[in-house]
Amino acid sequence: MSRGTQDGTTTGAREGSDVAVTSDGLPGWLDPVVEAARTVRPTQLSRFLPPEDGRGRQSAVLILFGEGPRGPELLLMERSGSLRSHAGQTSFPGGALDPEDGDPHTTGPLRAALREAEEETGLDPAGVQLFGVLPRLYIPVSEFVVTPVLGWWRAPSPVGAVDLAETARVFTVPVADLTDPEHRVTVVHPGGYQGPAFAVESALVWGFTAGVIDRILHFAGWERPWDRSRQVPLDWRA
């Protein structure tokens, strides 16, 4: 995936590209996230990294920061319970790259993240400023190679579940709730998985999404000490 230059513009983008990555004009509170995206290494985000042999379906998610009544917030969605993969889970908007998104190693994930967010939540991409890209990660259970794309909701637009067959609901979560120790737990899956989770907005955010949020909070310096021994069990269907 292309990286930002010192002036914040994207390198590796095709000439005339309609997408770019820039940190110009962001609110000051996002500075730690910009710095984390610039310096973090893949192994600092997850132990699940893309297979070296190139296996996996290229995909992207949009990690969209906005500013709401209670300050900084993140846009999340709850997936439909009827989906074949990750049914009922809370996630970032996103999905697999389409051929028209372009090169998966340059600007393809940027277009895919915005396109999927629009298709799933009704978000107007024109109001989003992309400001960073995290290293590609891997979700073994679905074999997705995921590029997390960071965005600033510069001009918020109405959002909601566009297709209830895919999305159950769309909502925002204040960062203050995500950093509140009372909302933090460790989930335990019968298959042996344990990981960080967030109990917010009548949802349990766990798995890949919670792992990325956990690492962003940590490397941005926003994390507050929390009790990792507080466990929530998952069932086999999760």
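The model shown is predicted, which means the values in this text are computed figures rather than measured ones.

> How should I be thinking about the overall build of the protein chain in this particular structure?
Each helix and strand counted, the protein chain has five helices and 12 strands in total. Expressed as a percentage of its 238 residues, the buried residues of the protein chain come to 50%. Here the contacts in the protein chain between residues at least 6 apart in sequence split such that 67% fall between residues at least 24 apart. Accessible surface for the protein chain amounts to roughly 11,300 Å². Of this, 50% is attributable to carbon and sulfur atoms.

> Explain the sheet that holds strand β10 (residues 194-200) here, please?
What the four strands build is an open sheet, ordered β11-β10-β9-β12; its pairing is mixed. Where the open sheet ends on each side, the last strands, each with one partner, are β11 (203-205) and β12 (231-233). The average angle at which neighbouring strand axes cross in this sheet is 40°, direction not considered. Here β10 pairs with β11 via three bridges, running antiparallel. Paired with F198 across the two strands is V205, which belongs to β11.

> Please explain the environment of L49 as it appears in this structure.
Mapping L49 onto the fold places it in the loop between α2 (42-45) and β1 (57-68). Of the residues examined, L49 reaches a relative accessible area of 30% and is grouped as partly exposed. Excluding its chain neighbours within four sequence positions, the residues that come into contact with L49 are P42, T43, R136, L137 and Y138.

> How should the nonpolar core be read in this particular structure?
In a soluble, globular protein the nonpolar side chains are often hidden away together inside. The biggest cluster of nonpolar side chains holds 35 residues, and the ones touching the most others in it are I63, F65, L134 and L150. Residue contributions to this core peak at five residues, all from helix α5 (residues 207-219). If you look at the next biggest cluster of nonpolar residues, it comprises 20 residues, including L75, L130, V149 and W153.

> Where do I start with helix α1 (residues 31-39) in this structure?
The α-helix winds at 3.6 residues per turn, so residues separated by three or four positions along the chain end up facing the same way. When we look at burial in α1, the residues that qualify are V33, A36 and A37. Looking straight down α1, one finds its buried side chains confined to an arc of 100°; they lie on one side. In this fold, the buried residues of α1 make contact with β1, β5 (128-133), β7 (144-153) and α5.

Conventions we followed
- Residues numbered from 1 in each chain as written.
- Predicted model: local features only at pLDDT ≥ 70, side-chain atom pairs only at ≥ 80, totals over all residues.
- Heavy atoms only, no water.
- Helix = DSSP H or I, 4+ residues; strand = E, 2+ residues; numbered from the N terminus.
- Buried < 20%, exposed > 50% of the residue type's maximum accessible area, 1.4 Å probe, protein only.
- Contact = heavy atoms within 4.5 Å.
- Areas by Shrake-Rupley, 256 points an atom, 1.4 Å probe, with all protein chains shown as cover.
- Pairing = 2+ DSSP bridges.
- Axes fitted to C-alpha atoms, helices over the stretch in contact; angles between N-to-C directions.
- Core = buried A, V, L, I, M, F, W, Y, C linked by side-chain atoms within 4.5 Å.
- Arc of directions from axis to C-beta.

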